[in-house]
Amino acid sequence: MGKTMPREIDARLNERLATRGFRFTPQREHVYAVLLRKRDHPTAEEVFIRAKREIPDISMATVYNCLDALVECGLARQVTLERGATRFCPNMREHCHFYCDECESVFDIELPAELGIALPKGYRAERYDIAIHGRCPACANGKRNAAKS
């Protein structure tokens, strides 16, 4: 099946799947490896295209099922920006996303330890879904369009 994951990542995947009642499968391992290999917040369709390069007979339904299992096990999170397709992110640390409105790339932005967001009394934040919109450095400097010409 091509590239294998390092043992510690493979063991973490197996442990997380087992604790949530999922079986470890080569397809789940491969979809997780696809997410880890290029952390560009791919859509399910992009994951499918990448996975198919090494497992030609993998189906779109299998990729969706694998992604659902990874999200449910806490190994990936769904990122929904505007009305676009859901994207998937294997970075499980608290962070926000910067969405370039010009090239449509998504970048992880680390959050400070204390956000300073005042919540009403009794409320407790468990995770954040923050999206920042703008232009990435390449688009802001006109370099991305120049490279396309």
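Above this text sits the structure in question.
These lines cover the structure that appears in this document, whether it is placed above or below. (Residues numbered from 1 in each chain as written. Predicted model: local features only at pLDDT ≥ 70, side-chain atom pairs only at ≥ 80, totals over all residues. Heavy atoms only, no water.)

## What about the packing of helix α2 (residues 26-37) against helix α4 (residues 60-72)?
Taken N-terminus to C-terminus, the directions of α2 and α4 make an angle of 75°; their axes are 9 Å apart at the nearest point. One finds that α2 runs roughly perpendicular with respect to α4. Here Q27, R28, V31, Y32 and L35 of α2 come into contact with α4, specifically with T62, V63, C66, L67, A69 and L70. (Axes fitted to C-alpha atoms, helices over the stretch in contact; angles between N-to-C directions. Helix = DSSP H or I, 4+ residues; strand = E, 2+ residues; numbered from the N terminus. Parallel < 35°, antiparallel > 145°, perpendicular 65-115°, else oblique. Contact = heavy atoms within 4.5 Å.)

## What about a positive patch on the surface?
A cluster of like positive charges, contributed by R12, R16, R20 and R39, occupies part of the molecular surface. Mapped onto the elements, R20 comes out in the loop between α1 (7-19) and α2. (Patch = residues over 30% accessible without salt bridge, like charges linked within 9 Å, V, L, I, M, F, W, Y side chains within 5 Å. Areas by Shrake-Rupley, 256 points an atom, 1.4 Å probe, with all protein chains shown as cover. Salt bridge = Lys/Arg side-chain N within 4 Å of Asp/Glu carboxyl O. Lys, Arg positive; Asp, Glu negative; His and termini not counted. Charge placed at Lys NZ, Arg CZ, Asp CG, Glu CD.)

## Regarding the sheet that holds strand β4 (residues 106-110)
The three strands are arranged β4-β3-β5 in an open sheet whose pairing can be described as mixed. With partners counted over all chains shown, the strands left at the sheet margins are β4 and β5 (131-134), one partner each. Within the sheet, the average angular offset between the axes of one strand and its neighbour, ignoring direction, is 30°. Looking at chain direction, strand β3 (residues 95-100) and β4 are connected through five bridges and run antiparallel. Opposite C96, over in β4, you have I109 as the bridge partner. (Pairing = 2+ DSSP bridges.)

## What to know about α2
Spanning 12 residues, α2 covers 16 Å between terminal C-alpha atoms, matching the ideal 16 Å at 1.5 Å per step. Burial of α2 is extensive: nine of the 12 residues sit out of reach of the surface. Among the residues making up α2, those that are buried are R28, E29, H30, V31, Y32, A33, V34, L35 and L36. (Expected span 1.5 Å × (residues − 1). Buried < 20%, exposed > 50% of the residue type's maximum accessible area, 1.4 Å probe, protein only.)

## What about the nonpolar core?
Residues V31, L35, V47, I58, V63, L67 and L70 are the most contacted members of the largest nonpolar core, which totals 22 residues. Broken down by secondary-structure element, the contributors of at least two residues to this core are α1, α2, α3 (44-54) and α4. Among residues more than four places away in sequence, those in contact with I58 are Q27, V31, F48, A51, K52 and V63. (Core = buried A, V, L, I, M, F, W, Y, C linked by side-chain atoms within 4.5 Å.)

## Considerations on the environment of V79
Positionally, V79 belongs in strand β1 (residues 77-79). In this structure V79 comes out as buried when scored by relative accessible area, which is 6%. With 65 residues separating them in the primary sequence, V79 and N14 have C-alpha atoms 23 Å apart. When near neighbours in sequence (up to four residues on either side) are disregarded, V79 contacts H41, A85, T86, R87, C89 and H97.

## So, the packing of α3 against α4
Direction vectors running N to C along α3 and α4 enclose 115°, while the axes themselves pass 9 Å from each other. Every pair of crossing elements has a handedness; the one defined by α3 and α4 is right-handed. Packed against α3, whose contacting residues are A44, E45, V47 and F48, the element α4 presents M60, V63, Y64 and L67 at the interface. When grouped by side-chain class, the residues that make up the contact of α3 with α4 number seven nonpolar, no polar and one charged. (Left-handed = near helix turned anticlockwise from the far one by under 90°. Nonpolar A, V, L, I, M, F, W, Y, C, P; charged D, E, K, R; others polar.)

## Describing α1
Spanning 13 residues, α1 covers 18 Å between terminal C-alpha atoms, matching the ideal 18 Å at 1.5 Å per step. Positioned one or two residues after α1, G21 has a phi angle of 85°, which is positive.

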